[in-house]
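Structural features, examined
Chain by chain, the residues run as shown.
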Amino acid sequence: MARRYDPERRRRIIDAAIRVVGRSGIAGLSHRSVAAEADVPLGSTTYHFKTLDELMVAALRQANEGFAKAIASRGGLEDTRTDLATELAGLLGEWLDGERTGVELEYELYLAALRRPVLRPVAAEWCEDVTVLLSRRTDPVTARALVALMDGICLQVLLTGTPYDEAYAREMLDRVVSGT
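All figures in this text were calculated on a predicted structure; none of them were measured in a lab. (Residues numbered from 1 in each chain as written. Predicted model: local features only at pLDDT ≥ 70, side-chain atom pairs only at ≥ 80, totals over all residues. Heavy atoms only, no water.)

As a further point, take the overall build of the protein chain. Scanning the protein chain from terminus to terminus reveals nine helices and zero strands. Counting from the amino terminus, the protein chain carries its helices and strands in the arrangement α-α-α-α-α-α-α-α-α. Overall, the protein chain is about 65 × 30 × 25 Å in size when its C-alpha atoms are taken along their principal axes. Long-range pairs, those at least 24 residues apart, make up 62% of the contacts in the protein chain with a sequence separation of at least 6. Across the protein chain, the mean location of the 23 positive side-chain charges is 8 Å away from that of the 27 negative side-chain charges. (Helix = DSSP H or I, 4+ residues; strand = E, 2+ residues; numbered from the N terminus. Contact = heavy atoms within 4.5 Å. Lys, Arg positive; Asp, Glu negative; His and termini not counted. Charge placed at Lys NZ, Arg CZ, Asp CG, Glu CD.)

Counting residues in hydrophobic clusters, the biggest one holds 57 residues, and the most contacted among them are Leu88 and Leu134. Secondary structure elements with two or more residues in this core: α1 (9-24), α2 (31-38), α4 (52-74), α5 (84-97), α6 (100-111), α7 (120-135), α8 (140-160) and α9 (166-178). Looking at this core, the element that brings in the most residues is α4, giving ten residues. In contact with Leu88, not counting residues within four places along its chain, are Leu77, Leu134, Leu146, Met150 and Leu173. (Core = buried A, V, L, I, M, F, W, Y, C linked by side-chain atoms within 4.5 Å. Buried < 20%, exposed > 50% of the residue type's maximum accessible area, 1.4 Å probe, protein only.)

A separate point is the state of the cysteines. This model, assessed by the stated rule, comprises zero disulfides. Summary of cysteine pairing: Cys127 is not part of a disulfide, and the nearest cysteine sulfur, belonging to Cys154, is at 12 Å. (Disulfide = S-S within 2.5 Å.)

So, about α9. End to end, α9 covers 18 Å across 13 residues, agreeing with the expected 18 Å (1.5 Å per residue, within 8%). Within α9, burial applies to Ala169, Met172 and Leu173. All buried residues of α9 lie within an arc of 95° about the axis, which places them on one face of the element. Where α9 is buried, its residues touch α5 and α8. At the N-terminal end of α9, a side-chain oxygen is found 3.2 Å from the backbone nitrogen of Ala167, two or three residues along, and the residue is Asp165. Downstream of α9 by one or two residues, Gly179 has phi in the positive range, about 75°. (Expected span 1.5 Å × (residues − 1). Arc of directions from axis to C-beta. Polar contact = N/O pair within 3.5 Å; in protein donor to acceptor, adjacent residues only side chain to side chain.)

Let us now look at the confidence of the model for the protein chain. Within the protein chain, residue pLDDT values average 88, and 97% of them lie at 70 or more. Within the protein chain, the lowest mean pLDDT, 79, falls on α6, and the highest, 97, falls on α9. (pLDDT = per-residue confidence, 0-100.)

Laid out in structure tokens, this is it:
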């Protein structure tokens with residue numbers, strides 16, 4: 001039997017891995033669980049991703065794209081007339097008000113870098129990419145502080161289950177931006 005060419009298979013496997021982690025956490029991720037979720041032969045997952053770490057790197061990279069798309073879709077970071085703190089607080093609100101499972105998944109993969117060194121460069125890429133974006137509007141040190149603050153706010157919301165307080169976020173982000 002001839003092989004069937006499936007140019008989207010790699011992407012479907014990554015999408016399936018993201019769904020598995022979203023449903024069962026990282027502990028539930030295996031080549032077998034991803035193959036079943038993607039409806040592909042087990043050999044396909046191991047062909048495209050020799051190890052689970054490789055698969056998690058690809059999933060984290062794809063998850064990182066979600067936040068980058070959220071930033072790009074608002075467009076306010078490019079407009080120097082917009083208030084940076086207001087724009088960032090609104091962005092966090094939109095992101096946290098979106099599909100909660102997706103946000104939790106992104107953070108689960110991001111925090112998995114604590115135990116899986118292979119994920120650390122990808123997690124660092126996210127921080128660096130957002131810092132570079134924010135550095136267009138402020139200095140690099142302030143941009144790094146803003147990334148750290150946004151990370152902290154998101155983690156607190158996710159871990160405590162408290163609603164996102166956009167006014168609080170805006171005030172804290174403004175304090176960092178203005179240096180007060």
